[in-house]
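A look at the structure
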Amino acid sequence: MEKDSSITPSTDAVEHAETATNGDGKLDQAYVETEHQLTFRDVWRNHKAIIGWSFFWAMCAVGWGFDAQVNGAMIGVPSFRRDFGYIFESEAVLPADWQSAFNIISSVGQFLGGFICSWISDKAGRKPSLAVGILICSGGIIGQIVTTSKAGFLISKLILGFGLGFYLTLGPLMCSEITPVVLRGISTAGVNLGIAIGQLVSNSVIKIFGERMDRWAYRAPFAIQLFFAAFLGAGLIFAPESPWYLVRVGKVDKARRSLQRLFGAQTDISAKLADIERTIADEATHKSPSYLDCFRGTNLLRTGISTGVFACQHFVGIIFVLGYSTYFFQLAGLDTSNSFDLGVGVTACGVLGNLCSWFVVNSYGRRKIFLLGMFTLTTVLLLIGIMDVIPTSGAKWIQASATVIYAFVYFLTLGAMAFVILGETSSAALRARTTALATATQAVFGIAMNFAIPYMVNPDSGDLKGKVGFVFGGLAAVATVGSFFYVPELKGRTFGEIDEMFFQRVPPRKMGSYRIRAEL
């Protein structure tokens, strides 16, 4: 007789579940207890499809990570500087204004793309929204490959950035909507793994092609991005739609089939579907949510936390340390070959750090890991600045080593935890809009940093080199203090418990120890 693989978790589980209520607003204790006991082992054993599709949606971020890394790394490719720059003291240099424009324009596109994606995903669905993003990204990538002018390259970057805004919005959104609580932290942290993989692939292909003297030294890395679009396009054909979206538009039967595909044919998903229907019905009693609602009442704090953790990523100098690592190594005096090698090593450590985050996110919690990362990265940034003041060859290698350590710590802590905190802090009704605002925050700070950093590090401008570590070390110190007061601990909390704590205006730094009285 075939075993029924309905959600029957082990008895030693301690993870919490999503809130379900019965008709009179009280907790559906049977459903809650079932979800409370669900463990990762149960998901792995009985619901592998959830893990697979979580991975697929997390991989949306690969394209974003690749583009974010290639923007700065491409400056280290001599033929790119030769074809789009000019000769300064016998060296090919890309003017700081065009360098800023190339990097900023992608963030401008991401800013707009995130908001448009939010609207399309709520109107037409998550899958059609990703299809639009894939088409836009493909157009931008092809433009980068064939263009020979600065203006053409700029327009192509804008189009690509617009499509990448779709990728970065849909990844965390879908990971939070299709996973049970026990998998939520690992799944949303997986979005950052996609970013890390994209950056590693970017540096690897630049290492392979970057020393060529023809145009394919930079065209080939751009062309690689088409493989990411092809992967997403092929998987999208078979991907289940978000059950939350399907219930919201009244397609309950399709939502049932979507849940059945996620949890398995032998799983009884009636209680899960009923929970989604109750939540959607409760939302329907209120006016349609808008972006203004993200800044009203307790949602203001939730939006501030959700976007603030991404601002912290920029305060610790993520674009400076990782995005410009290869170019920075060359400015520090390392030859082109060693610079590319170290660039690959930096991003490989980032991938390793993100993989390690999966083993600590459910053990140590979000707040401790985030704060530890802020303190450690602040220290590393100041060390990079101090070593730039010491005029020895050994100091340069210490700077390079510090960059590798930075990558590992960043992806283990801030990089992974920001997406987890976003998925847990945002309210269900405003999740798509809050995620779009987080994407916009990434874009706005990306614009500011990509504008300022070239002027700080370029030899024909500020020529600060590693001393920029002092700038970001100071910003990181301030952000660390703010993080202490505003980054919450939401490990193992149900969405209902999270709503309750914000409604009760519990200080974020005390949420981890706050005890919620059970509904009788």
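What you see is a predicted model; the values in this text were computed from it and never measured.

1. Looking at the overall build of the chain
Along the chain, the regular secondary structure elements total 23 helices and two strands. Taken across its 520 residues, the chain has 57% of its residues classed as buried. Pairs at least 24 residues apart make up 79% of the contacts formed inside the chain by residues separated by at least 6 positions. Carbon and sulfur atoms provide 65% of the accessible area of the chain, an area that totals close to 20,300 Å².

2. Examining the side chain of Ser-156
Position of Ser-156 relative to the elements: it lies in helix H8 (residues 150-178). On the accessibility criterion, Ser-156 (7% relative accessible area) is buried. Beyond its immediate sequence surroundings of up to four residues, Ser-156 is in contact with Gly-140, Gly-143 and Gln-144.

3. Points about a nonpolar patch on the surface
Together, Leu-382, Ile-386, Val-389, Ile-390 and Phe-470 give the surface a local cluster of nonpolar side chains, amounting to about 400 Å² of exposed area. The element that contributes the greatest number of residues to the nonpolar patch is helix H18 (residues 366-389), accounting for three residues. As for its position among the elements, Val-389 is in helix H18. Taking the relative accessible area as the measure of exposure, Val-389 reaches 52% and is therefore exposed.

4. Here we look at the packing of helix H3 (residues 48-58) against H8
In contact at an axis separation of 8 Å, H3 and H8 are set at 165° when each is read in the N-to-C sense. With respect to H8, the element H3 is oriented roughly antiparallel. Note that H3 runs across H8; the crossing there is left-handed. Here H3 contributes Ile-50, Trp-53, Ser-54, Trp-57 and Ala-58 to the contact with H8, which in turn contributes Leu-170, Gly-171, Met-174, Cys-175 and Ile-178.

5. Brief notes about the pattern of salt bridges
Scanning the model with the defined rule gives twelve salt bridges in all. Across the pair Lys-157 and Asp-67 runs a salt bridge whose closest N-O atoms are separated by 2.8 Å. On the criterion of sequence distance, the pair formed by Lys-157 in helix H8 and Asp-67 in helix H4 (residues 61-73) is long-range, its members being 90 residues apart. Asp-67 matches Lys-157 in its accessibility class, with the two residues each being buried.

6. Here's the deal with the environment of Thr-169
The topology assignment puts Thr-169 in helix H8. Excluding anything up to four places from it in sequence, Thr-169 contacts Gly-114, Cys-117, Thr-435, Ala-436 and Thr-439. A polar atom in the side chain of Thr-169 sits 3.1 Å from the side chain of Thr-439.

7. So, empty space enclosed by the protein
Per the counting criterion, the structure on display carries six cavities of 30 Å³ or more. Considering the residues around the second largest cavity, the lining is formed by Val-70, Asn-71, Met-74, Ile-75, Phe-80, Phe-102, Asn-103, Phe-153, Lys-157 and Phe-222. Elements that contribute at least two residues to the lining of the second largest cavity include exactly H4, helix H6 (96-123) and H8. Within the lining of the second largest cavity, the residues separate by chemical class into seven nonpolar, two polar and one charged.

8. Focus: the nonpolar core
Counting residues in hydrophobic clusters, the biggest one holds 131 residues, and the most contacted among them are Trp-57, Phe-80 and Tyr-406. By residue number, the principal contributor to this core is H8, which donates eleven residues. Contacts of Tyr-406, omitting those with residues within four sequence positions, involve Val-316, Gly-317, Ile-318, Val-321, Leu-322, Leu-377, Val-380 and Leu-381.

9. Thoughts on the packing of helix H7 (residues 126-146) against H8
The geometry of H7 relative to H8 is characterised by a closest axis approach of 8 Å and an angle of 150° between their N-to-C directions. One way to sum up the angle between H7 and H8 is to call them roughly antiparallel. Crossing angle aside, the handedness with which H7 passes H8 is left-handed. Residue composition of the contact of H7 with H8, grouped by class: 16 nonpolar, eight polar and three charged.

10. Some words on the side chain of Arg-366
Relative to the helices and strands, Arg-366 resides in helix H18. On the accessibility criterion, Arg-366 (2% relative accessible area) is buried. Here Val-361 takes part through its backbone oxygen, which lies 2.8 Å from a polar atom of the side chain of Arg-366. Those residues in contact with Arg-366, other than ones at most four positions away along the chain, are Gly-185, Val-361, Met-417, Val-420, Ile-421, Glu-424, Pro-488, Glu-489, Leu-490 and Lys-491.

11. Looking at the confidence of the model for the chain
Chain-level pLDDT for the chain is 82 on average; 88% of the residues reach the 70-or-more range. The model gives residues 1-27 a pLDDT under 50, and that stretch makes 83 contacts with residues more than four places away or in other chains.

12. Some details on unusual backbone geometry
Positive phi, normally seen in glycine, also occurs at Arg-505, with a value near 55°. Summarising the element assignment, Arg-505 is placed in the segment after helix H23 (495-503). Judged by its relative accessible area of 61%, Arg-505 is exposed.

13. Describing the packing of aromatic side chains
Each aromatic ring pair is summarised here by two numbers: the centre-to-centre distance and the angle between the ring planes. Tallied over the full model, the rule gives 19 aromatic pairs. Between the aromatic rings of Phe-310 and Phe-419, the centroid separation amounts to 5.1 Å while the plane-to-plane angle is 80°, which identifies the pairing as edge-to-face. Of this pair, Phe-310 sits in helix H14 (residues 298-315) while Phe-419 sits in helix H20 (residues 414-425), placing them 109 residues apart in sequence. Here Phe-310 and Phe-419 have matching classes, each one buried. Between Tyr-406 and Tyr-410 the ring centres are 6.1 Å apart and the planes differ by 5°, which places this aromatic pair in the stacked class. On the criterion of helical spacing, the pair formed by Tyr-406 and Tyr-410 is a turn pair, its members being four residues apart in helix H19 (residues 393-412). Here a set of aromatic residues connected by ring pairs shows up, and it is made of Phe-80, Phe-84, Phe-153, Tyr-218 and Phe-222. When the ring centre of Phe-484 is taken as origin, the NZ or CZ atom of Arg-367, which lies over that ring, is 5.1 Å away.

What counts and what doesn't
Residues numbered from 1 in each chain as written. Predicted model: local features only at pLDDT ≥ 70, side-chain atom pairs only at ≥ 80, totals over all residues. Heavy atoms only, no water. Helix = DSSP H or I, 4+ residues; strand = E, 2+ residues; numbered from the N terminus. Buried < 20%, exposed > 50% of the residue type's maximum accessible area, 1.4 Å probe, protein only. Contact = heavy atoms within 4.5 Å. Areas by Shrake-Rupley, 256 points an atom, 1.4 Å probe, with all protein chains shown as cover. Patch = residues over 30% accessible without salt bridge, like charges linked within 9 Å, V, L, I, M, F, W, Y side chains within 5 Å. Salt bridge = Lys/Arg side-chain N within 4 Å of Asp/Glu carboxyl O. Axes fitted to C-alpha atoms, helices over the stretch in contact; angles between N-to-C directions. Parallel < 35°, antiparallel > 145°, perpendicular 65-115°, else oblique. Left-handed = near helix turned anticlockwise from the far one by under 90°. Polar contact = N/O pair within 3.5 Å; in protein donor to acceptor, adjacent residues only side chain to side chain. 1 Å grid on protein atoms, 1.4 Å probe; cavity = no way out; pocket = protein on both sides within 12 Å on 5 of 7 lines; lining within 4 Å. Points joined across faces, edges and corners; volume = space filled by probe spheres on them. Nonpolar A, V, L, I, M, F, W, Y, C, P; charged D, E, K, R; others polar. Core = buried A, V, L, I, M, F, W, Y, C linked by side-chain atoms within 4.5 Å. pLDDT = per-residue confidence, 0-100. Phe/Tyr/Trp six-rings, centres within 6.5 Å; stacked < 30°, edge-to-face > 60°. Lys NZ or Arg CZ within 6 Å of the ring centre and 35° of its normal.

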